[in-house]
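Here is how the chains run, residue by residue.
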Amino acid sequence: MATLQVKNMTIGEGKPKVIVPLVGKTSREILNEAEAVNRLKPDMVEWRVDCYNEVENIQSVKDVLRELRAIFSNELLLFTFRSHKEGGNKVISDDYYVELNQAAILTGQIDFIDIELFNKEEVIKSIQETAKANGVYVIMSNHDFTKTPDKDEIISRLRQMQELGADIPKIAVMPNSVQDVITLLDATYTMKTKYADRPIITISMGATGMISRLAGELFGSAFTFGAGKDISAPGQISVEELKTVLDIFHKHL
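Residues numbered from 1 in each chain as written. Predicted model: local features only at pLDDT ≥ 70, side-chain atom pairs only at ≥ 80, totals over all residues. Heavy atoms only, no water.

What follows deals with the side chain of S221. With respect to the helices, strands and loops of the structure, S221 is situated in the loop between α8 (216-219) and β10 (223-225). We classify S221 as buried; its relative accessible area is 5%. Within the structure, the side chain of S221 is placed 3.0 Å from the backbone nitrogen of T202, a separation counted as a polar contact. Within the structure, S221 has its side chain in polar contact with the backbone oxygen of F223 (distance 3.1 Å). Excluding residues that lie within four positions of it along the chain, S221 makes contacts with P16, T188, I200, I201, T202 and G216. (Helix = DSSP H or I, 4+ residues; strand = E, 2+ residues; numbered from the N terminus. Buried < 20%, exposed > 50% of the residue type's maximum accessible area, 1.4 Å probe, protein only. Polar contact = N/O pair within 3.5 Å; in protein donor to acceptor, adjacent residues only side chain to side chain. Contact = heavy atoms within 4.5 Å.)

Below, the discussion takes up the UniProt feature "binding site: 3-dehydroquinate" (unreviewed entry) in the protein chain. The feature "binding site: 3-dehydroquinate" (unreviewed entry), as annotated in UniProt, sits at E46, W47, R48, R82, R213, S232 and Q236 in this numbering. Position of E46 among the secondary structure elements: in strand β4 (residues 44-48). With relative accessibility at 2%, the residue E46 sits in the buried group. (UniProt positions renumbered as here; feature names shortened; annotations may be inferred.)

Let us look at the layout of surface pockets. One number sums up the size of the largest pocket: a volume of about 150 Å³. Together, K15, P16, K17, V18, K41, D43, K243, L246 and D247 line the largest pocket. Looking at the lining of the largest pocket, the elements that each hand over two or more residues are β3 (17-22) and α9 (239-252). Residue contributions to the lining of the largest pocket peak at 3 residues, all from α9. Looking at the lining of the largest pocket, its residues break down into 3 nonpolar, no polar and 6 charged. (1 Å grid on protein atoms, 1.4 Å probe; cavity = no way out; pocket = protein on both sides within 12 Å on 5 of 7 lines; lining within 4 Å. Points joined across faces, edges and corners; volume = space filled by probe spheres on them. Nonpolar A, V, L, I, M, F, W, Y, C, P; charged D, E, K, R; others polar.)

Let's shift gears to the nonpolar core. Ranked by internal contacts, the top residues of the largest apolar core, which has 60 residues, are W47, L68, F79 and I113. With 7 residues, the single largest contributor to this core is helix α3 (residues 94-106). Among residues more than four places away in sequence, those in contact with L68 are L22, I30, L31, A34, W47 and L77. With 19 residues, the next largest nonpolar core counts M9, I19, M174 and A222 among its residues. (Core = buried A, V, L, I, M, F, W, Y, C linked by side-chain atoms within 4.5 Å.)

The N-to-C vectors of helix α5 (residues 151-163) and helix α6 (residues 178-195) enclose an angle of 45°; their axes lie 9 Å apart at closest approach. In terms of their interaxial angle, α5 and α6 are classed as oblique. When the axes of α5 and α6 are compared, the crossing they make is right-handed. In this structure, α5 contributes K151, I154, I155, L158, R159 and Q162 to the contact, and α6 contributes T183, L184, D186, A187, T190, M191 and Y195. Here the contact of α5 with α6 is composed, by residue class, of 7 nonpolar, 3 polar and 3 charged. (Axes fitted to C-alpha atoms, helices over the stretch in contact; angles between N-to-C directions. Parallel < 35°, antiparallel > 145°, perpendicular 65-115°, else oblique. Left-handed = near helix turned anticlockwise from the far one by under 90°.)

On to the UniProt feature "active site" (unreviewed entry) in the protein chain, then. Here, UniProt's "active site" (unreviewed entry) annotation points to H143 and K170. Taken together, the annotated residues stretch across 28 residues yet fold into one region, lying no more than 8.5 Å apart by C-alpha. Structurally, H143 can be placed in strand β7 (residues 137-144). The contacts of H143, once residues within four sequence positions are left out, are R82, E86, K170 and A172.

Position of T130 relative to the elements: it lies in helix α4 (residues 121-133). For T130, a relative accessible area of 12% translates into the label buried. A polar atom in the side chain of T130 sits 3.1 Å from the backbone oxygen of S126. Residues in contact with T130, not counting those within four places in the same chain, are Q102, I105 and L106.

Here the focus is the packing of helix α1 (residues 27-38) against helix α2 (residues 58-71). Direction vectors running N to C along α1 and α2 enclose 15°, while the axes themselves pass 10 Å from each other. Between α1 and α2, the angle is such that the two are roughly parallel. Considering how the two elements wind past one another, α1 and α2 form a crossing that is right-handed. Contacts between α1 and α2 involve S27, I30, L31, A34, E35 and N38 on the former and, on the latter, V64, E67, L68 and I71. Looking at the contact of α1 with α2 residue by residue, the classes come out as 6 nonpolar, 2 polar and 2 charged.

Here it is in structure tokens:
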């Protein structure tokens with residue numbers, strides 16, 4: 001599995017890098033949250049823009065992005081509109097999904113954009129082309145909040161993202177048993193050792209899947225998500241606790 005160099009960060013080696021989401025509903029909440037998260041010194045900050053009350057106002061989104069970049073001058077910044085069908089907070093049209101993501105890319109304020117795998121091909125292609133032309137990296141993602149697909153399906157989706165040109169493929173699934181967590185970890189390790197030619201992100205959500213957020217260095221997940229002020233998905237733990245455990249794993253591997 002090859003690494004990815006973005007600014008001064010090498011992704012895909014050593015400890016998993018820590019992403020902290022911003023999930024405020026108003027610009028004031030988002031910026032207050034950002035100030036608190038900045039003190040936690042994450043590797044990457046994810047703005048979950050689907051949580052924002054004014055997400056359908058492109059200019060307001062641009063204004064918040066500009067202020068976020070002023071706060072996070074050194075950290076990587078990920079822009080994510082999580083669709084309602086994959087656990088997000090709002091339903092928008094395909095056309096607006098494209099317009100919103102392209103507008104975020106064109107601000108020059110972000111480093112990564114999230115594109116969901118299960119979109120129309122033309123939607124993915126439009127956003128990807130804009131990202132590539134403007135030096136923005138793509139995390140292609142898939143989320144299942146009800147179940148964990150079998151090992152072959154998890155690997156198939158990650159490989160599909162890779163074939164579509166994602167810089168980092170990502171999958172997050174919900175376990176209904178401990179065996180589901182083992183399935184996700186097994187798929188991660190197989191993807192890492194047999195198929196991946198770039199960093200990947202895999203997550204088993206909820207309390208049952210917490211080990212997947214902690215043991216990425218062993219199994220092959222390059223990023224993990226920690227909670228700042230609020231969580232964006234089940235099973236996230238505080239950044240402080242997360243960093244402590246990542247350090248322990250790293251020290252003894």
